[in-house]
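Structural overview
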Amino acid sequence: MRMIKAFTVVVAGGLLTTACGGSNSPSGSADSGAKNAVKVLPVAIDGPQKDVLPRGGDALRVTPLPGTKAPVVEKVEHALREDVLSGAHVPGTTSAKCADGITMKAGAVSQCVVTYEGAEIPYEVKIGDTYTEGSTVFSYTKTPKKALLVAKEIYNRFNERYGSASGASDASKLACDEIPVAKTFDFGADTGYTCQYWGEHGTKDGKPGYVTVKVKIGPTHNSIALDEVR
């Protein structure tokens, strides 16, 4: 829990992975058949993304901290910005606004919006059911209502799964669509973006070919699926 002179419960999410595929030889040679040609995607993935950081690093903190006597809404907005940065794993410009403030009643829900590199993530902030009016120590939950997709985080995940250090020895020539720096989606959405790798057994019949990997949003906060379909 997070203390605000108060403490908070962070709503977290899981991680999904599964599989999408196409096939062709790298050169699009005649023996692979023109009808099976796969377009090579524009963003080559040749290693880890240097700006992607683990949770909790100083670069994913928002400074300065609100003062101890700062209004509750200011402290909550600060916590929401750090929540988004922690899930994004990539430093970026953030802001937060709870337009109508925070309703300080047991079980009350307030609406806030956090921005990360221009992408807007709506949040619900719920005061704990045991809150006593006038108390300076209380719990609250903060729940994002949209999922945030961050390009560098996707490129890094794809490299972790299929890159040279992943143990996927039959995968090479990694590439992805040009994904926006940051964009929000409904939970469970297919983003429409894809990545690909050249697999030694990439086709349905086990021959060399490109494998396409769809980027999907999972059902919960910070849940991304890299979905192969052969």
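Structure: above.
Residues numbered from 1 in each chain as written. Predicted model: local features only at pLDDT ≥ 70, side-chain atom pairs only at ≥ 80, totals over all residues. Heavy atoms only, no water.

This part takes up the overall build of the chain. Scanning the chain for helices and strands turns up two helices and 13 strands. Counting only residues that meet the buried cut, the chain has 44% of its 230 residues in that class. Accessible area for the chain stands at about 11800 Å²; split by element, carbon and sulfur atoms hold 53% of it. (Helix = DSSP H or I, 4+ residues; strand = E, 2+ residues; numbered from the N terminus. Buried < 20%, exposed > 50% of the residue type's maximum accessible area, 1.4 Å probe, protein only. Areas by Shrake-Rupley, 256 points an atom, 1.4 Å probe, with all protein chains shown as cover.)

As a further point, take the nonpolar core. Judged by nonpolar contacts, the single largest core of 26 residues is most densely connected at L80 and Y116. In terms of residues, this core owes the most to one element, helix α1 (residues 72–88), which gives six residues. Among the nonpolar cores identified, the runner-up in size contains 23 residues, and L149, A151, I179 and Y193 belong to it. (Core = buried A, V, L, I, M, F, W, Y, C linked by side-chain atoms within 4.5 Å.)

Turning next to unusual backbone geometry. Of the consecutive residues T63 and P64, the connecting peptide bond is found in the cis state with omega at 0 degrees. Positionally, P64 belongs in the loop between β3 (43–44) and α1. Its identity as a non-glycine residue notwithstanding, H89 has a phi of 65 degrees, on the positive side. The residue H89 is located in the loop between α1 and β4 (94–97) in this model. Located in the positive-phi region is K173, a residue other than glycine, with phi close to 55 degrees. Mapped onto the fold, K173 is located in strand β9 (residues 171–176).

Because the α-helix completes a turn every 3.6 residues, residues three or four places apart line up on one side. A rise of 1.5 Å per residue sets the reference length of α1, with its 17 residues, at 24 Å; its end C-alpha atoms lie 25 Å apart and thus fit the reference within 8%. Burial analysis of α1 places 13 of its 17 residues in the buried class, which makes it a mostly covered element. Looking at the residues trailing α1, positive phi occurs at H89, about 65 degrees. (Expected span 1.5 Å × (residues − 1).)

Attention now moves to helix α2 (residues 151–162). With twelve residues, α2 extends 17 Å between its outermost C-alpha atoms, agreeing within 8% with the 16 Å of an ideal straight helix rising 1.5 Å per residue. Buried residues dominate α2, accounting for nine of its twelve residues. Taken together, the buried positions of α2 are A151, E153, I154, Y155, N156, R157, F158, N159 and Y162.

Moving on: the state of the cysteines. Across all of its chains, the model carries two disulfides by this definition. Paired by a disulfide, C98 and C112 hold their sulfur atoms 2.0 Å apart. Since a negative S-S torsion denotes a left-handed disulfide, the C98-C112 link at about 105 degrees is right-handed. Of this pair, C98 sits in the loop between β4 and β5 (109–116) while C112 is found in strand β5, placing the two residues 14 residues apart along the sequence. For C98, a relative accessible area of 4% puts it in the buried group. The disulfide bridge from C176 ends at C195, spanning 2.0 Å between sulfur atoms. Between C176 and C195 the sulfur-sulfur dihedral comes to about 100 degrees; the bridge is accordingly right-handed. Note that C176 is positioned in strand β9 and C195 in strand β11 (residues 190–199), a separation of 19 residues in sequence. When its relative accessible area of 0% is taken as the criterion, C176 is described as buried. According to the relative accessible area criterion, C195 is buried, its value standing at 0%. Taken in N- to C-terminal order, the disulfide-linked cysteines of the chain are connected 1-2, 3-4. (Disulfide = S-S within 2.5 Å.)

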